[in-house]
Amino acid sequence: MDRQNPFHCQEEKAWCPGCGNHGLLEGIKEALDQLEKDPHEVVVCSGIGQAAKLPHYINANGFNGLHGRSIPPALGIKVANPDLTVIIHSGDGDSYGEGGNHLIHNIRRNPDITHFVHDNQIYGLTKGQASPTTRQGHVTGIQTEGVQLEPFNPIALAISLDCSFVARTFMGDKEHMVKIMKEAIQHKGYALVDIFQPCVVFNKINTFKWYKENTYKLDDDYDPTDKIAAFQKSQEYDDGIPIGVIYKKEKPSFLEGIEYLKDQPSLVKRDLNPDNAKSFMEGFF
Amino acid sequence: MDYNLLIGGSAGQGIDTLGTLLEKVLQRCSYSIFSNKDYMSRIRGGHNFIQIRFSTKPVYCHKSTLDFLVAFDEITVKEHQDRLTEDGIIFADEDLRERIGEAHRKVIYLPVKKGAKEVGNPKVFTTVFLGALIRIYDLDLKIGKKVLGKYFKDEILEVNHKAILQGYEINMDHFSIAKPEEQEQKILINANQGIALGAMAAGVSFYSAYPMTPSTSIMNFLASNQREAKIVVEQAEDEIAAINMAIGASYAGIRSMTGTSGGGFSLMTEALGLAGITETPLVVANVQRPGPATGFPTRTEQSDLSFILTASHGEIPRMITVIRNAEEAFYKTAKAFNLAEKYQVLVIILNDQYLADANQTINPYNFDKVAIERNLDNGEGYDVGEYKRYQFTEDGISPRIVPGMVKGQTVLSDSDEHDENGNITESAEVRVKMVEKRMSKLSMLEKEVEEPWYMGSEEPETLLVGWGSTYGVLKEAVETLNHEGVSVGALSFGDLYPLPRKAFNEKRKYAKKTINVEQNYTGQLAKLIRQETGISFDESILKFDGRQIDLEEVIARVKEVI
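Residues numbered from 1 in each chain as written. Chains lettered and ligands numbered in written order. Predicted model: local features only at pLDDT ≥ 70, side-chain atom pairs only at ≥ 80, totals over all residues. Heavy atoms only, no water.

In this section: the sheet that holds strand β8 (residues 206–209) of chain B. All names here are of chain B. Across the sheet, seven strands lie side by side as β9-β8-β10-β11-β13-β12-β19; this open sheet has mixed pairing. With one partner strand each, in any of the chains shown, β9 (232–235) and β19 (495–497) form the two edges of the open sheet. When the angles between neighbouring strand axes are averaged without regard to direction, this sheet yields 20°. Relative to strand β11 (residues 282–288), helix α11 (residues 262–278) is tilted by about 160°, and along the sheet it contacts β10 (256–260), β11 and β13 (346–352). (Pairing = 2+ DSSP bridges. Helix = DSSP H or I, 4+ residues; strand = E, 2+ residues; numbered from the N terminus. Axes fitted to C-alpha atoms, helices over the stretch in contact; angles between N-to-C directions. Contact = heavy atoms within 4.5 Å.)

In structure tokens form, the structure reads like this:
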């Protein structure tokens, strides 16, 4: 290593040995370092869950909020200061279950935020219940007869809403993951990246080996701007799950879409003065 | 002299338009105005009304006795005619003659619809009505025309000018109503608009909310000015998102705010705790309406206080304050931002539908009285990585730097119990210190809260105690009762929590009887006062039918219990 990665952090990690989160953490630190970001320029937001502890293990700004609510504070942060690189690290339960409404509407809103979902297809922190991405038939302590609900398909959902960047990767392929992470961070707009990771304690079906055997990389000639093709890719599961950038749609980000903010200093850099508001009283005379 | 006029009809008929125009004309003719709205949760039909009280002296509330009734339909006559004084008058279009039939008071039929047809647009009958009323009250037609110019443009303005003249020229006598003295121009504004303008003066840069009556007009006002002010008003997907967005924006260093009504506030409660434990400054407005659940969407109540005192699980410091009139709405909101940032704390501003929809003439806001005190740390003097968001300090307030603004320093906030760095902790010792650090803000806020306003006899035999929107009615009721020789005074609370106690303790010493006056069933202020002081009230005047208590009712009910 040529230099110490500035995103390294000494905090002791409260994750199980062998947990996929470790590799994911190393990946994001590497991606940010390769992008030559400084820790103070980055904010890592999260909700609650094992994945959501990540802001504590990286040397960057962090906002570890409420369960399911990783996205709304991230949006507020980005509006306040667009110069910040705003990243979300949260799990499948937090992002797709408790926070599903925010996911839907922020895909529509398209803020320049990168959302990494640590998808291990199970609930870890609460000890092994089904998550929205757990497959049907998977038996857990709660779903004693096997999961009955249709699995949530984040890729198909995001494509259907014309999400500006939709990707999937596997933490077991670090090179692929870091490459996707960098591309997602550099993308202007909402980037949803579903990252497969094993839960070594509670998911005995979707193991490291299972992901390795059941994922394949998209061909180089795959065209992520073709919505229909992307949707078809999103439906693949049983015969191999594609990883890579599945869908891309160029469009203005949330703040770029607010025309009157163009060429204005960011909100956080404004000087506040009560007199600026005086003219808004005129209408009441 | 003091007049009370009611405009009634069904939703969509134009009572709002006539009310708005007439209020503006009266305002510009130097009358003092207090108007309030009673409307149903529907866009068309039903029975809605606006009451406009106008006077040559200041007025602070609505009252029940009417002098004039402007009826857009026969239901308005049936519903309200018995509130007219003996010589009160009903104005109605001549088309309604048959449907109104025998009325209990004098009816003056006016050819307003006919007049509108004559100028070529049946829709402008409200402006014809306005012209007729200007004539009847001997107001200045030039002012009327100017007011139209404020609301209409081009051809529409032209036809409205014809319409106002058409009404003005209807042949009839005018009444001799008292003329106000020329005075410094007032503004006509409601408390929600006052809150919004106060927030803008304080530098609010981001307002995230989900539309909910009766709080929406705060968002409407900010949104209508967002382009010019270059701020961001965002309609969130739900109230949970709204408050979490505002918290994120505040963490990142800008002044942000959210507003809602009871049901939306219920959804926000978990995030109140988030603001508390992350020590993120936050201003939240809750414009009350009758609950529970959907309740009475368009009506009024003061029934969220008990809930808001402890809303959120766990324990957090908070300040709760309530708006008493449109004037203080502005200053109070601006101050709320300063207090929120000074103590890195949650400030909840309460309002209610009554004041949200009540227009009042008040002195223009003095922007020089608004100070912006951010209490941010510029981040100088720290070694690389040394900054700790939750550093223990002598005064209990940790330095707050803005993430991204200081190279070498990062800011970590956490909803888990955390150490000085913001990292998750399980330590009993750190937990105790952190809880004490956060909760010690309550004693700091105790020094900031303002005593309630007092009106009436110096040494009152009867002490009335209310909060928020009943201020105006208590003030006028006490004046009337004092005039009749009754020894009575009233305390009107603005800051509610931490509870200021000095004025209450002082005035209750004289009182043989203490009476809480509230728009709820359980006497929520009385409960709070009992909780904080151990003192119970002797009597209660409570109202929870969704309608604001009026002057006559307060006076009558006080006389009943003393």
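Residues and elements named next belong to chain B. Per the stated rule, a full pass over the model turns up 44 salt bridges over all chains. Among the salt bridges present, the one from K37 reaches D16, with a minimum N-O distance of 3.9 Å. Of this pair, K37 sits in strand β2 (residues 32–38) while D16 sits in helix α1 (residues 15–28); the two residues are 21 residues apart in sequence, bridging distant segments of the chain. The exposure class assigned to K37 is partly exposed, which follows from its relative accessible area of 27%. (Salt bridge = Lys/Arg side-chain N within 4 Å of Asp/Glu carboxyl O. Buried < 20%, exposed > 50% of the residue type's maximum accessible area, 1.4 Å probe, protein only.)

A few words now on the side chain of T470 of chain B. Along the polypeptide, T470 of chain B turns up in the loop between β17 (462–467) and α17 (471–483). Contacts of T470 of chain B, omitting those with residues within four sequence positions, involve Q302, V517, Q519, Q548 and I549 of chain B.

The strands that make up a sheet pair up through hydrogen bonds in the backbone, lying either parallel or antiparallel. All names here are of chain B. Here eight strands make up an open sheet; going across it, the order is β6-β5-β4-β1-β3-β2-β14-β7 and the pairing mixed. A strand with exactly one partner marks an edge of an open sheet, and here the two such strands are β6 (106–110) and β7 (187–189). Going across the sheet, the axis of each strand differs from the next one's by a mean of 20°, ignoring polarity. With five bridges joining them, strand β5 (residues 84–93) and β6 adopt parallel strand pairing. By the bridge assignment, I90 is partnered in β6 with V107. The strands that helix α5 (residues 125–136) touches are β4 (66–71), β5 and β6; relative to β5, the one it contacts most, it runs at about 145°.

What follows is about the domain arrangement of chain B. All names here are of chain B. By the assigned domains, chain B splits into domain 1 (2–168), domain 2 (188–369), domain 3 (376–448) and domain 4 (453–561). Taken together, the contact between domain 1 and domain 4 spans nine residues of the former and ten residues of the latter. Together, the buried faces of domain 1 and domain 4 total about 780 Å²; carbon and sulfur atoms form 57% of this surface. For domain 1, the biggest contributors to the area lost against domain 4 are Y60, C61 and H62; these three give 60% of the whole. (Domains from an automatic or database assignment. Buried area = accessible area lost by both parts, 1.4 Å probe.)

So, about the confidence of the model for chain B. Scored by pLDDT, chain B has a mean of 97; 100% of the residues are at 70 or more. In the model output, the complex is listed with pTM 0.98 alongside ipTM 0.98. (pLDDT = per-residue confidence, 0-100.)

Time to look at helix α6 (residues 141–151) of chain B. Residue and element names in this part refer to chain B. Residues of α6 that are buried include every one of L141, I143, G144, V147 and L148, and no others. The arc enclosing the buried residues of α6, seen along the axis, measures out at 155°, which places them on a common side. Along α6, exposed side chains directed more than 90 degrees from the buried face belong to K142 and K146. Each element contacted by the buried residues of α6 is listed here: α1, α5 and α7 (154–168). For α6, the capping residue at the N-terminal end is D140, with a side-chain oxygen 2.9 Å from the backbone nitrogen of K142. (Arc of directions from axis to C-beta. Polar contact = N/O pair within 3.5 Å; in protein donor to acceptor, adjacent residues only side chain to side chain.)

Once that is clear, we can look at the interface of chain A and chain B. Contact residues are listed per partner, giving 54 residues for chain A and 73 residues for chain B. Each partner contributes to the roughly 5100 Å² buried at the junction of chain A and chain B, and carbon and sulfur atoms together form 64% of this total. Our count for the contact surface shared by chain A and chain B stands at four salt bridges. Between R109 of chain A and E234 of chain B there is a salt bridge, and its shortest N-O distance comes to 2.6 Å. Inspection of the region where chain A meets chain B yields 27 residue pairs in polar contact (both at pLDDT 80 or more). Among the secondary structure elements, those contributing two or more residues to the side of chain A that touches chain B are β2 (61–64), α2 (71–80) and α4 (100–109) of chain A. Bridge count between β2 of chain A and strand β15 (residues 412–414) of chain B: three bridges; the pairing is parallel. Bridge pairing in β15 of chain B places N64 of chain A opposite D414 of chain B.

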